[in-house]
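Here is how the chains run, residue by residue.
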Amino acid sequence: KIEMDRNEHRLVEETLTPLDPDRRAFRLVGGVLVERTVREVLPTVREHRGNLDIVVQNLKEKLDAKQKETAAWKAKYNIKTQEEAQAANRQ
């Protein structure tokens, strides 16, 4: 979901960048559609996309760390999923 929001912000940024800065732009703020100019909206969209990039990166790092922790725990206690156990029995 966060990656979808990030992609939407990227698309909006790409769409607004070539436009005239004084052109009207509409932005949804808290469920209310607000009229602004491209000059006012574009920096906010860029900032939000940057924040979303940071959040996605942090979540990926946490996921990687948790996966490593889980793999180490499974190896320490010799725990296998059903698929792993079935694959080991077939061999």
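**Some words on the packing of helix α1 (residues 2-16) against helix α2 (residues 38-76)**
The N-to-C vectors of α1 and α2 enclose an angle of 150 degrees; their axes lie 9 Å apart at closest approach. As far as their axial angle goes, α2 and α1 are roughly antiparallel. Our pair here, α1 against α2, has a crossing hand that is left-handed. Here the contact of α1 with α2 is composed, by residue class, of 11 nonpolar, two polar and nine charged.

**Some words on α2**
Look at α2: 56 Å from first C-alpha to last across 39 residues, which is about the 57 Å you get at 1.5 Å a residue. Every buried residue of α2 is listed here: V38, V41, L42, V45, L52 and V56. At its buried positions, α2 is contacted by α1, β1 (24-29) and β2 (32-37). Once α2 finishes, N78 follows within two positions and takes phi at roughly 55 degrees, a positive value.

Scoring rules and cut-offs
Residues numbered from 1 in each chain as written. Predicted model: local features only at pLDDT ≥ 70, side-chain atom pairs only at ≥ 80, totals over all residues. Heavy atoms only, no water. Axes fitted to C-alpha atoms, helices over the stretch in contact; angles between N-to-C directions. Helix = DSSP H or I, 4+ residues; strand = E, 2+ residues; numbered from the N terminus. Parallel < 35°, antiparallel > 145°, perpendicular 65-115°, else oblique. Left-handed = near helix turned anticlockwise from the far one by under 90°. Nonpolar A, V, L, I, M, F, W, Y, C, P; charged D, E, K, R; others polar. Expected span 1.5 Å × (residues − 1). Buried < 20%, exposed > 50% of the residue type's maximum accessible area, 1.4 Å probe, protein only. Contact = heavy atoms within 4.5 Å.

Keep in mind these values describe shape, not function.
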